[in-house]
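Structural description and commentary
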Amino acid sequence: MLSRRPASLPLSKQLAPPCFPACFRVSRYRRNLSAKAMSNYAHGLCVWPTAGALPAASSTGFLKVLPADLAQLQQWVSTSPRNLLTVIIALPHWDFRLISALTYISRTCFIVVWHPDATEDPIARIKAFEAGARMVTNDEEHLQEALRLITGVHGNGNLQCPWCGLSGLSTLELWQHQPLYHIYELDKGNVACPACSKPTSRLTRHINLTHGPAPLVDERTGVFALAIIRRPSDGKFLLVQVTGILTVESLRRGMWRRIIFLAEP
Ligand SMILES: [Zn+2]
Ligand SMILES: [Zn+2]
């Protein structure tokens, strides 16, 4: 499942430029997505802010380029449920209220936060996802891959996403859409699969394993972490198994970071 997520960011990519180099890249996205002219979905792209960012030519053809204006974006998505919005927030600061506002406009909106600290500030990254962002990155290649996947979903089926309510998905499109849009959301248990109607306690896992191009096997890695603590007063040892992450702390834009794990004896 995680291997299909475009939001992972290798450390080798951290030297990407701190601002979104708009004109050239938007033109590249438009070329990559031009084959989707017959799609049932109308994919619209907004780069926030747009001032001076987009060449006039980018507003024509397959890719609908929309202005960085909440009222106009809301008007466009409300015109048709087939209008699917993608917004790239390329501001120098983290604007969580803007992310929330875009999520409020459309549950199917794919929000990308493009920020130089995408991998250096885990607290801001987590807050962005909590506000509704689908992807936080400063990696050109990953961003382009995500946009390719988004517009690769054409809406040629009759399934509805249980998470965001997007309708018109084919079975394979649901398999593509679910981790792309909802990998950071809670799984759904004790529900019927929208594709095959089978009951499942873990819908995300079921869709991933069952409804892709080929059936997958859920392989267990056996990876886990143990910690041994020695009490100085009597020299006794306590063995604990790490069960989760309690909190992530970051200061000075990631210069100082600490992860506190939760463990049980
Ligand atoms: Zn969805
Ligand atoms: Zn199923």
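Residues numbered from 1 in each chain as written. Chains lettered and ligands numbered in written order. Predicted model: local features only at pLDDT ≥ 70, side-chain atom pairs only at ≥ 80, totals over all residues. Heavy atoms only, no water.

As annotated in an unreviewed UniProt entry, the protein carries the name Di19 zinc-binding domain-containing protein and comes from Astrephomene gubernaculifera.

**Structural notes on the coordination of the zinc ion (ligand 2)**
Distances from the zinc ion (ligand 2) to its protein donors, namely Cys193 (SG), Cys196 (SG), His206 (NE2) and His211 (NE2), fall within the range 2.0 to 2.3 Å. Geometry at the zinc ion (ligand 2) is tetrahedral, judged from its 4 donor atoms and the angles of 103 to 122° they form at the metal. Here the donor residues of the zinc ion (ligand 2) are spaced in sequence according to C-x2-C-x9-H-x4-H. Within this pair, whereas Cys193 is found in the loop between strand S8 (191-192) and strand S9 (199-200), its partner His206 is found in helix H7 (residues 203-210), the two being separated by 13 residues in sequence. The class for Cys193 is buried, based on a relative accessible area of 2%. Its relative accessible area of 13% is what places His206 among the buried residues. (Donors = N, O, S within 2.8 Å, 3.2 Å for Na, K, Ca; no water. Tetrahedral: all angles 85-135°; square planar, octahedral: opposite > 155°, others 65-115°. Helix = DSSP H or I, 4+ residues; strand = E, 2+ residues; numbered from the N terminus. Buried < 20%, exposed > 50% of the residue type's maximum accessible area, 1.4 Å probe, protein only.)

**Considering the confidence of the model for the protein**
Looking at the protein, pLDDT values average 79 and 78% of them are 70 or higher. The low-confidence segment residues 1-38, where pLDDT is below 50, has 85 contacts with residues more than four positions distant or belonging to other chains. Contacts for the low-pLDDT stretch residues 54-62, under 50 throughout, to residues beyond four places or in other chains number 19 contacts. (pLDDT = per-residue confidence, 0-100. Contact = heavy atoms within 4.5 Å.)

**What about helix H5 (residues 140-151)?**
For H5, spanning 12 residues, the distance from its first C-alpha to its last is 17 Å, which sits close to the expected 16 Å at 1.5 Å a residue. Turning to H5, its buried residues number three or more, namely His142, Leu143, Gln144, Ala146, Leu147, Ile150 and Thr151. (Expected span 1.5 Å × (residues − 1).)

**Looking at helix H6 (residues 171-182)**
Its 12 residues give H6 an end-to-end C-alpha distance of 16 Å, which sits within 8% of 16 Å, the value for a rise of 1.5 Å per residue. Among the 12 residues that make up H6, 9 are buried, leaving the element largely enclosed by the rest of the structure. Turning to H6, the residues buried within the fold contact strand S4 (110-114), H5, strand S6 (159-160), strand S7 (167-169) and H7.

**Some remarks on the nonpolar core**
Of all hydrophobic cores here, the largest spans 25 residues; its most connected members are Leu73, Leu85 and Val87. Non-local contacts of Leu73, meaning those with residues more than four positions away in its chain, are made with Cys46, Trp48, Leu66, Pro67, Leu85, Val87, Leu102 and Ile105. (Core = buried A, V, L, I, M, F, W, Y, C linked by side-chain atoms within 4.5 Å.)

**A look at the pattern of salt bridges**
Inspection of the entire model under this criterion finds 3 salt bridges. As a salt-bridge pair, Glu145 and Arg148 come within 2.7 Å of each other at their nearest N and O atoms. Placement of the pair is Glu145 and Arg148 together in helix H5, with a separation of 3 residues, close to one helical turn. Residue classification places Arg148 among the partly exposed residues on the basis of a relative accessible area of 43%. (Salt bridge = Lys/Arg side-chain N within 4 Å of Asp/Glu carboxyl O.)

**Regarding the coordination of the zinc ion (ligand 1)**
The zinc ion (ligand 1) binds to the protein through Cys161 (SG), Cys164 (SG), His177 (NE2) and His182 (NE2), with metal-donor distances spanning 2.0 to 2.2 Å. With 4 donor atoms in place around the zinc ion (ligand 1) and angles of 103 to 116° between them, the coordination shape is tetrahedral. One chain supplies every donor for the zinc ion (ligand 1), spaced along it as C-x2-C-x12-H-x4-H. Taken as a pair, Cys164 in the loop between S6 and S7 and His182 in helix H6 lie far apart in primary sequence, 18 residues in all. Taking the relative accessible area as the measure of exposure, Cys164 reaches 5% and is therefore buried. The exposure class assigned to His182 is buried, which follows from its relative accessible area of 2%.

**Some thoughts on the pairing of strand S1 (residues 42-48)**
In terms of burial, S1 is a largely internal element, 6 of the 7 residues being buried. Here S1 runs beside strand S3 (residues 83-89); their pairing, made up of 7 bridges, is parallel. Along S3, the bridge assignment pairs His43 with Leu84. Across 3 bridges, the pairing between S1 and strand S2 (residues 64-66) is parallel. Of the residues in S2, the one forming a bridge with Cys46 is Leu66. (Pairing = 2+ DSSP bridges.)

**Notes on the packing of aromatic side chains**
The tally for this structure, following the rule as stated, stands at 3 aromatic pairs. Ring geometry for Phe110 versus Tyr181: centroids 5.0 Å apart, planes at 75°, classification edge-to-face. On the criterion of sequence distance, the pair formed by Phe110 in strand S4 and Tyr181 in helix H6 is long-range, its members being 71 residues apart. The same class applies to Phe110 and to Tyr181, which are both buried. (Phe/Tyr/Trp six-rings, centres within 6.5 Å; stacked < 30°, edge-to-face > 60°.)

**A few points about the sheet that holds S4**
Backbone-to-backbone hydrogen bonds join strands into a sheet, with any given pair of strands oriented parallel or antiparallel. Strand order in the open sheet formed by 5 strands is S2-S1-S3-S4-S5, and the pairing between neighbours is parallel. Two strands in the sheet have a free side with no partner beyond their single neighbour: S2 and strand S5 (135-137). Averaged over all pairs of adjacent strands, the angle between their axes in this sheet comes to 20°, without regard to strand direction. (Axes fitted to C-alpha atoms, helices over the stretch in contact; angles between N-to-C directions.)

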